[in-house]
Amino acid sequence: MKKAFLILIAVLAFSSGVFAQRHSTPYAGIGVATNFRSAEEGRTGPALTAGFRNYNRYSFISLGLGAEAFGYVIPSQRTTVGIFGIPEIGVAIGPSIFKVYPHSGFMLGYDSINDVFAWGGKEGLAFEFGRHVTIDFSTYVPRYNFHEAIYAVNFIWRFF
């Protein structure tokens, strides 16, 4: 535990070193969302995402804060739709031409799997290439006490 705490302090120290160069990076993306609930039903459909991340693109390690709107439709006998607002936190690691961005967030929105306005969580790993292109692999859990995870791969365009 003590090592994890020291690593967290080191990451925060590195990420806040050049705080003045942080800026918000808006993005939009399209992807594929999948659930593994049942073999008989359709399990894959389109997903849309839009949001922003605020971090120092030129720092090797930078703490990132942001927000995302995520929506999906999975057509089947009982079409599944969901739309969520997600505040996020993550760490951008790597040089400015290629960054790995593990991130996590709190979801709040509507999901027809549970047919309720619900809250849940998101975990993801994004790979940023150059100034504009990102591939984001994420797991969305729309409702914590009823575990129906949605897995998504989003192809994101970052606007600088």
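As the structure is a prediction and not an experimental result, all values here were calculated from the model.

Q: Just to check I follow, could you spell out the nonpolar core for this structure?
A: Most often, soluble globular proteins have nonpolar side chains that are buried together. Grouped together as the largest cluster of nonpolar side chains are 11 residues: A33, A47, F70, Y72, I74, F84, I86, M107, Y140, I150 and A152. Elements with a contribution of two residues or more to this core: β3 (61-74), β4 (80-93) and β8 (150-158). If one sorts the elements of this core by residue count, β3 sits on top with 3 residues. Beyond its immediate chain neighbours, meaning those up to four positions away, F70 contacts A47, L48, T49, G82, I83, F84, I86, Y140, A152 and N154.

Q: Before we go on, may I ask you to explain the sheet that holds β4 in this structure?
A: Note: strands within a sheet are paired through backbone hydrogen bonds, in either parallel or antiparallel orientation. Pairing is antiparallel in the closed barrel, where 8 strands are placed in the order β1-β2-β3-β4-β5-β6-β7-β8. Adjacent strand axes in the sheet meet at a mean angle of 25°, parallel and antiparallel pairs treated alike. The pairing of strand β7 (residues 133-141) with β8 spans 8 bridges and is classified as antiparallel. Paired with I135 across the strands is F155, a residue of β8.

Definitions and limits used
Residues numbered from 1 in each chain as written. Predicted model: local features only at pLDDT ≥ 70, side-chain atom pairs only at ≥ 80, totals over all residues. Heavy atoms only, no water. Core = buried A, V, L, I, M, F, W, Y, C linked by side-chain atoms within 4.5 Å. Buried < 20%, exposed > 50% of the residue type's maximum accessible area, 1.4 Å probe, protein only. Helix = DSSP H or I, 4+ residues; strand = E, 2+ residues; numbered from the N terminus. Contact = heavy atoms within 4.5 Å. Pairing = 2+ DSSP bridges. Axes fitted to C-alpha atoms, helices over the stretch in contact; angles between N-to-C directions.

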